[in-house]
Amino acid sequence: MNVQNAGGRSGGARIAEELAAAIHEHRLAPGMKLNEDEVGRIYGVSRTVVRAALQDLSHQHLVELKRNRGAFVAQPSVREAREVFEARALLEPRTARSAAERATEADIAMLQAHIDEEHAALAAGKEGRALQLSGQFHIELARVADQDIIADFVAQLVSRSSLIIALYWQRRTALCESHAHHALLDALAAHDGAAAEELMKSHLIDLLTSLDLRAQAARPASLSEALQA
């Protein structure tokens, strides 16, 4: 991450983007305090810019702003975790069917390149980056379906899923079970909407069963190390 130039590239919006990436890649753990002074020092920006970025992330449900305590990376509850995956189960299978019916050769090539990038991240030992790319695959698939409003909802749900996975993931080998995205891509290439819908249902069930929704695991880390990783 290039923290030196972050302040000069769209100010608070750019800082929010960098912090969101660190959250999605699990470099910033749920519950971590985001001290305004420290974030400002890391990026070389004022507290005003940092505050704007944190407000933006709060609207995305990635950060919790606590009165008189400051900003913290959000910690989804077990109830929220279940609700997020229930919402995804309602939206994404039908979206996968629509994507299969509309996918062009260019769409298939784009999604294949995305899977290749995910595999490259895994091979490089960048597990957090691979997770972020895996979530992005679902967002891109919704865009292929040409359903902008649903794609926005999926993006929000995937974003919150990142925090849920950071807290509750028990079966880390699920990350290597990449056949699900390959199978989905094959269904899209064949324009088999029914298969794409069923595959997405199974994939989301597999993701849910990889979570341990009985307890939360705290993972303290240094803010400076996380942002400069």
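Use the structure listed above.
About the thresholds
- Residues numbered from 1 in each chain as written.
- Predicted model: local features only at pLDDT ≥ 70, side-chain atom pairs only at ≥ 80, totals over all residues.
- Heavy atoms only, no water.
- Helix = DSSP H or I, 4+ residues; strand = E, 2+ residues; numbered from the N terminus.
- Buried < 20%, exposed > 50% of the residue type's maximum accessible area, 1.4 Å probe, protein only.
- Contact = heavy atoms within 4.5 Å.
- Phe/Tyr/Trp six-rings, centres within 6.5 Å; stacked < 30°, edge-to-face > 60°.
- Lys NZ or Arg CZ within 6 Å of the ring centre and 35° of its normal.
- Core = buried A, V, L, I, M, F, W, Y, C linked by side-chain atoms within 4.5 Å.
- Expected span 1.5 Å × (residues − 1).
- Arc of directions from axis to C-beta.

**So, the overall build of the protein chain**
Argument step 1. The helix and strand tally for the protein chain stands at 10 helices and 2 strands.
Argument step 2. For the protein chain, the sequential pattern of α-helices and β-strands runs α-α-α-β-β-α-α-α-α-α-α-α.
Argument step 3. Within the protein chain, the proportion of its 229 residues that are buried is 47%.
Argument step 4. Taking contacts inside the protein chain between residues at least 6 apart in sequence as the whole, the part at least 24 apart equals 76%.

**A short note on the packing of aromatic side chains**
Argument step 1. Following the criterion strictly, the structure yields 0 aromatic pairs and no others.
Argument step 2. Positioned over the ring face of Phe72 is Lys66, at 4.9 Å from the centre of the ring.

**Quick notes on the nonpolar core**
Argument step 1. Within the largest apolar cluster, 23 residues are counted, with the highest numbers of intra-cluster contacts made by Leu19 and Leu28.
Argument step 2. Taken together, the elements giving at least two residues each to this core come down to α1 (11-24), α2 (36-43), α3 (47-59) and β2 (70-73).
Argument step 3. Counting residues per element, this core draws most heavily on α1, at 6 residues.
Argument step 4. In terms of nonpolar packing, the next biggest core, distinct from the first, is built from 18 residues, Ala99, Leu141, Ala145 and Leu188 among them.

**Brief notes about helix α5 (residues 105-123)**
Argument step 1. The first and last C-alpha atoms of α5 sit 27 Å apart over 19 residues, in line with the 27 Å expected at 1.5 Å per residue.
Argument step 2. Regarding α5, the residues found buried are Asp107, Ile108, Leu111, His114, Ile115, Glu118 and Ala121. For α5, the angular spread of the buried residues around the axis is 145°, confining them to a single face. Of the exposed residues in α5, those oriented more than 90 degrees away from the buried face are Glu105, Ala106 and Ala123.
Argument step 3. Close packing links the buried residues of α5 with α4 (78-102), α6 (127-144) and α8 (179-189).
Argument step 4. One or two steps after α5, the chain reaches Gly125, where phi turns positive at roughly 75°.

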